[in-house]
Number of protein chains: 2
Amino acid sequence: MRNLNSAQIRKDLAQFGEFGRRGVGYSVGDLREHLTKILGLDTPRRVGIVGAGHLGSALANYRGFRASNFTVVALFDNDQKKIGRAVGDARVRVYDAREIARVVRDERVDVAVVAVPARAAQSVLNQLMSAGIKAILNFAPASLSARPGVKVKNVDLTISLETLSSHLARPRAVSTTRPRGVRARRESGESGERELG
Amino acid sequence: MRNLNSAQIRKDLAQFGEFGRRGVGYSVGDLREHLTKILGLDTPRRVGIVGAGHLGSALANYRGFRASNFTVVALFDNDQKKIGRAVGDARVRVYDAREIARVVRDERVDVAVVAVPARAAQSVLNQLMSAGIKAILNFAPASLSARPGVKVKNVDLTISLETLSSHLARPRAVSTTRPRGVRARRESGESGERELG
DNA sequence: TAGATTGTTAATCGATTAACAATC
DNA sequence: TAGATTGTTAATCGATTAACAATC
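Residues numbered from 1 in each chain as written. Chains lettered and ligands numbered in written order. Predicted model: local features only at pLDDT ≥ 70, side-chain atom pairs only at ≥ 80, totals over all residues. Heavy atoms only, no water.

(A) Spatial organisation of the layout of surface pockets. Its boundaries defined by the atoms lining it, the largest pocket holds a volume of some 1,100 Å³. Around the largest pocket sit 45 residues that line it, and A:Val116, A:Pro117, B:Asn61, B:Tyr62 and B:Arg63 are the ones nearest its centre. Looking at the lining of the largest pocket, the elements with two or more residues in it are helix 3 (54-60), strand 4 (70-77) and helix 5 (118-130) of chain A together with helix 3 (54-60) and strand 2 (70-77) of chain B. The element contributing the most residues to the lining of the largest pocket is helix 5 of chain A, with six residues. Of the residues contributing to the lining of the largest pocket, the split by class is 24 nonpolar, 11 polar and 10 charged. Of the voids in this model, the second largest pocket is the one considered here, and its volume is about 890 Å³. As for the second largest pocket, its lining consists of 34 residues, of which B:Gly53, B:Ala115, B:Val116, B:Pro117 and B:Ala118 are closest to the centre. Of all elements in the fold, only helix 3 of chain A together with helix 3, strand 2 and helix 5 (118-130) of chain B reach the threshold of two or more residues within the lining of the second largest pocket. (1 Å grid on protein atoms, 1.4 Å probe; cavity = no way out; pocket = protein on both sides within 12 Å on 5 of 7 lines; lining within 4 Å. Points joined across faces, edges and corners; volume = space filled by probe spheres on them. Helix = DSSP H or I, 4+ residues; strand = E, 2+ residues; numbered from the N terminus. Nonpolar A, V, L, I, M, F, W, Y, C, P; charged D, E, K, R; others polar.)

(B) Structural view of the protein's contact with DNA strand D. If you check the shell around DNA strand D, you find 20 residues, and the closest are A:Gln8, B:Arg10, B:Arg22, B:Gly23 and B:Tyr26. Considering the 4 Å shell around the protein, atoms of DNA strand D inside it are sugar or phosphate in 63% of instances. A:Gln8 is positioned with one of its side-chain polar atoms (N or O) 2.7 Å from a phosphate oxygen of DNA strand D. Broken down by element, the residue count for the surface near DNA strand D peaks at four residues, all from helix 1 (residues 6-15) of chain A. Among the residues making up the surface near DNA strand D, the classes are represented as five nonpolar, six polar and nine charged. (Near = heavy atom within 4 Å. Polar contact = N/O pair within 3.5 Å; in protein donor to acceptor, adjacent residues only side chain to side chain.)

Structure (structure tokens):
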């Protein structure tokens, strides 16, 4: 966890303009509005999910989106048994994956999610790029190549677990209330070679 | 994307010991082995997933774990209809969530995944901590409080989408092959005020 | 004017890169 | 010895923090 201080926050905010008034402060409402806009969170986004398996279905029903500007407007699959059905509580129906281009246009999909098996992921990405999608969240454990101008963000669940694993491997990262004397310092291996101070 | 150079890699590696031989180089095999160990990826980890809904089921069947040291050994749910069943291709059966402590012990679970609705997440986390779990991956859109020594890593799918959204908001991040003359520089708003050089 | 808080410049700190001695 | 490549020190760069003038 990194700590911030007031100077840094003031400086960072000033990068984007003068939002505050000297001697008075910042207007919370205005600041929130500005930041939302800067981060591109003011525009509602329409999400299309490719793959109506467990993961795709979970995402279509994900409650975390409720408070955000993201709405899932389409699910795609190539399994005829799933096409036309609704998934869970989601209002959205499953479209044939061959109709990606048409549905993206009709439903004005902004952002796509790839939730298909790894072997199908690149092909799906290609279809999405052809359909004009510029922002894609990829859950498939595959490294995909996108053309310039298209942003692919990979969510690799293995990597998430691996960072936890390194925590288990190094229990010295655990916080302690023991005073940091010579002994503690030596154990943690922190710049013990500093001679002054 | 950050670039690394050889000096930095040498320095970083040297932090953990002398893995190379001057004049010769690094042994790829040895280096890989060392790094795997340093990152704590040498020990097989046994994963327990709480919540056998769409997300939990997706994770239990996630192919990305195949090449890793993670094995899903238990699924938990409080839905009697699910308990005792297998989920998808996964060999693992669903246990009663009330048995978390016992199963964690019997199955030697190292790492837990929380894939339950937000309202149940803190309570599940508490159970996992009581059972002695020290590393938890949380998918619920809730900010949980863990006691010191317990590492909770949150995977917030909304945040992942939001970073994509900011890409859509700022198309100037798109790479271009156009030579970076005065015009291009002014557009991208990069330190144009530098006067020397 | 006194007090408060921003925007901004100057000082500090840490991380990256360059340079080079040590080693094979 | 000449060539190559590491480990490590010195130089550079950028980011964070401190200080302060501008403003209300």
